[in-house]
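Secondary and tertiary structure notes
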Amino acid sequence: MIVLRSYIQDVILGLPAAALILGVGLFLSIRLGFPQLRLLPKALGLFFRRMFGGKREGGVSSFQALCTALAATVGTGNLVGVAGAICLGGPGAIFWMWVCAFFGMTTKYAEAALAVRYRVKTPDGYAGGPMYTMTRGLGAHFRPLAKAYCLFGILAAFGVGNAAQVNAVVTGVNAAVSRFGGQPGRAGDLLMGLALAVLAGFLLFGGARRVGAAAELLVPFAAGAYILMCVGVLLVFRRRIPEAFCQILTGAFCPRGVTGGMLGSSFRALSVGCRRGVFTNEAGMGTASIAHACAEAEPAEQGLMGMVEVFLDTIVICTLTALVILVSGVPVPYGTDVGGELTTAAFSQVYGAGASAFLAGALCLFAAATILGWGLYGTRCAQFLFGGWKGFAAAQTAMVVFGAVLDTETVWQLSELANGLMAIPNLICLAALTAELRRITKEYKE
């Protein structure tokens, strides 16, 4: 299993995969005239109008679709993954995460716009995503590729989007309980799993509309609370913020001077930063387009919401996490991925012992949102493959319970593999439909 994990991280989810995703992002950026520069102000304006505007009756709103997509991306990667990136790649890894986000904004724009363009109408609302884009945009001869995508999507939904998230919740809550003198046990793990399963089952069986409504409430609250906690730390250590940015920029090209020689390779910073950046915001995976396809919106308009998704996930939330760690003054164990422990230690410099309880709560909210987002992705993949989705929803609900009490290491490895393999058919589709993307973008600008 160690060999399998190493192979997955180095090849399937490593620099080759990141280079492929970034390469397609660069290609799309050039062909579309760098929409992440020209259209981002308009995208942010549209985001705030949708967030504070009235709700649309009878369907999934553009903002609800965005929240559903954010539910699947904003999560443990933002709290734990960023800390791991700094440990393994130095502060410079954050710079390369920004680079990934820059090109990822165009990729997400393309995924969301094409998903709306080629979606289909069902009794449960709109259904779309890479599988429909392949078959309706490129032709029926791409159906085997679409089926492969859906198969990988179902496997990833069970693992990365479910069991791994529940396991993270249980681990975080147990750590907080231990910190305050409690004694975690299997019974408590099972109760947490059952409670999450009831909630997930109720929402998943309600379809995209119920998931979207829940995400609209959960994601802004969870993300807003986390951002405020980060801002509190940055206000206390505000004089160290310029130094933190200097560490990030210097560490991207000369990490030895920042890490004290513990990490001396700029290639290491690039590799870790690209890998964490790509697989934090999931640009190139195509999964978020399944949520965006549900929106009552035009293709380019929802594409702008996809652009905002990457901006909020990586440029805002991941950057805040990195700054909290760097300004807090806690020693970074370079070369060892301590993940959540480093994040907790950083917040503890301001919030004391309560930081572990706060992070446990944040993990619960983010993980619950991720289960909902990936649950929707899995049901859409099952619907495309089998014509029905309720059997998958039941299995997904049961997996929540198993994820709370089982060792998910093997499940995590296999689902990581499936998650990485999803990018290949999706990127082929995006590159092949560039002409249609140019037409959609041109009409929207005009």
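Residues numbered from 1 in each chain as written. Predicted model: local features only at pLDDT ≥ 70, side-chain atom pairs only at ≥ 80, totals over all residues. Heavy atoms only, no water.

**A few points about the side chain of aspartate 313**
Applied cut-off: For the purposes of this entry, the term helix denotes a DSSP run of H or I that reaches at least four residues, the term strand denotes a run of E that reaches at least two, and both are numbered from the N terminus. Only protein chains enter the accessibility calculation, which uses a 1.4 Å probe; a residue whose area is less than 20% of its type maximum is buried, one above 50% is exposed, and one in between is partly exposed. Asp and Glu count as negative and Lys and Arg as positive, but His and the ends of the chain are not part of the count. Within this document, salt bridges are pairs made up of a side-chain nitrogen of Lys or Arg and a carboxyl oxygen of Asp or Glu, the two lying within 4 Å of each other.
Along the chain, aspartate 313 turns up in helix 16 (residues 299-328). Buried and unpaired, aspartate 313 has lysine 108 as its nearest opposite-charge partner, separated by 7.2 Å.

**Thoughts on helix 11 (residues 207-236)**
Rules: Multiplying one less than the number of residues by 1.5 Å gives the expected span of a helix. The angle between axes fitted to the seven-residue stretch ending at a residue and the seven-residue stretch beginning at it gives the bend at that residue.
Between its first and last C-alpha atoms helix 11 spans 44 Å; for 30 residues at 1.5 Å apiece the expected length is 44 Å, and the two agree. Where helix 11 bends most, at alanine 215, the angle is about 30°.

**As for a nonpolar patch on the surface**
Here is the rule we go by: Patches in this entry comprise residues that are over 30% relatively accessible and not in a salt bridge; like charges within 9 Å are linked, as are nonpolar side chains (Val, Leu, Ile, Met, Phe, Trp, Tyr) within 5 Å. Residue exposure ignores everything except the shown protein chains as possible cover, and the areas themselves are Shrake-Rupley values with a 1.4 Å probe.
Taken together, Leu20, Ile424 and Ile428 make up a surface patch of nonpolar side chains, about 250 Å² in accessible area. Along the chain, the position of isoleucine 424 falls in helix 21 (residues 423-432). By relative accessible area, which is 41% here, isoleucine 424 ends up partly exposed.

**Some points on the confidence of the model for the protein chain**
Quick note on the threshold: Residue-level confidence of the predictor is what pLDDT reports, using numbers from 0 through 100.
Averaged over every residue, the pLDDT of the protein chain is 84; the share at 70 or more is 88%. Helix 8 (residues 130-138) holds the highest mean pLDDT among the elements of the protein chain, 95, whereas helix 1 (residues 2-12) holds the lowest, 55.

**Focus on the environment of glycine 361**
Mapped onto the fold, glycine 361 is located in helix 18 (residues 354-386). Overall, the relative accessible area of 31% leaves glycine 361 in the partly exposed class. The spacing of glycine 361 and alanine 222 is 139 residues in sequence and 9.2 Å in space, taken between C-alpha atoms.

**A few points about the packing of aromatic side chains**
Definition in use: Side-chain rings of Phe, Tyr and Trp, where Trp is taken by its six-membered ring, are said to pair if the distance between their centres is within 6.5 Å; with planes under 30 degrees apart they count as stacked, over 60 as edge-to-face, and otherwise as tilted. Charge over a ring is defined by NZ of Lys or CZ of Arg lying within 6 Å of the ring centre and within 35 degrees of the ring normal.
All chains considered together, the criterion is met by 16 aromatic pairs. Considering the side-chain rings of tryptophan 96 and phenylalanine 253, the 5.8 Å spacing of their centres and the 70° angle between planes classify their relative orientation as edge-to-face. Residue tryptophan 96 is found in helix 7 (residues 92-117), and its partner phenylalanine 253 is found in helix 12 (residues 241-253); the two are separated by 157 residues along the sequence. Pairing tyrosine 226 with phenylalanine 366 gives two aromatic rings, centres 6.1 Å apart and planes at 80°, and the pair type is edge-to-face. Linking tyrosine 226 in helix 11 with phenylalanine 366 in helix 18, this pair joins segments that are 140 residues apart in sequence. The exposure class assigned to tyrosine 226 is buried, which follows from its relative accessible area of 1%. Through pairs of rings, three or more aromatic residues link up here, namely Tyr226, Phe347, Tyr351, Phe358 and Phe366. We note lysine 121 situated over the ring of tyrosine 126; from NZ or CZ to the ring centre the distance is 4.5 Å. A cation over a ring is seen here: arginine 210 above phenylalanine 202, with NZ or CZ 4.4 Å from the ring centre.

**With respect to the environment of alanine 113**
Short version of the rule: We call two residues contacting when some pair of their heavy atoms lies within 4.5 Å.
With respect to the secondary-structure elements, alanine 113 resides in helix 7. When its relative accessible area of 0% is taken as the criterion, alanine 113 is described as buried. A sequence separation of 16 residues divides alanine 113 from glycine 129, and the C-alpha atoms of the two residues are 9.9 Å apart. Excluding its chain neighbours within four sequence positions, the residues that come into contact with alanine 113 are Pro299, Ala300, Gly303, Leu437 and Ile440.

**Some details on the packing of helix 8 against helix 21**
What counts is decided by this rule: In this analysis an axis means a line fitted to C-alpha atoms, helices contributing only their contacting stretch, and an angle means the value between N-to-C directions, from 0 to 180 degrees. Working rule for angles: under 35 degrees goes down as roughly parallel, over 145 as roughly antiparallel, 65 to 115 as roughly perpendicular, anything else as oblique. Each crossing gets its handedness from the near helix: less than a right angle anticlockwise from the far helix is left-handed, clockwise is right-handed. Asp, Glu, Lys and Arg are counted as charged, while Ala, Val, Leu, Ile, Met, Phe, Trp, Tyr, Cys and Pro are counted as nonpolar; the rest, among them Gly, fall into the polar class.
At a closest axis distance of 10 Å, the pairing of helix 8 and helix 21 adopts a crossing angle of 40°. In terms of orientation, helix 8 lies oblique with respect to helix 21. Handedness of the crossing formed by helix 8 with helix 21: left-handed. Along its contact with helix 8, which presents Pro130, Thr133, Met134 and Leu138, the element helix 21 presents Pro425, Asn426, Cys429 and Ala432. Among the residues forming the contact of helix 8 with helix 21, the class breakdown is six nonpolar, two polar and no charged.

**Focus on the side chain of arginine 380**
Selection rule: Here a polar contact is recorded for every N or O atom pair within 3.5 Å, except that within protein the pair must consist of a potential hydrogen donor and a potential acceptor, and residues adjacent in sequence are included only if both atoms are side-chain atoms.
Here arginine 380 is to be found in helix 18. Exposure remark for arginine 380: the relative accessible area of 3% places this residue in the buried category. Side chain to side chain, arginine 380 and glutamine 383 meet in a polar contact 3.2 Å long. Discounting residues that sit within four places of it in the chain, arginine 380 has contacts with Tyr126, Ala127, Met131, Ala208, Ile290 and Cys294.

**A few points about the pattern of salt bridges**
Applying the stated rule across the entire model yields five salt bridges. Residue glutamate 443 is joined to arginine 439 by a salt bridge in which the shortest nitrogen-to-oxygen separation is 2.7 Å. With glutamate 443 and arginine 439 both in helix 22 (residues 434-445), this residue pair falls four residues apart, about one helical turn. Here arginine 439 falls in the partly exposed class, since its relative accessible area comes to 34%.

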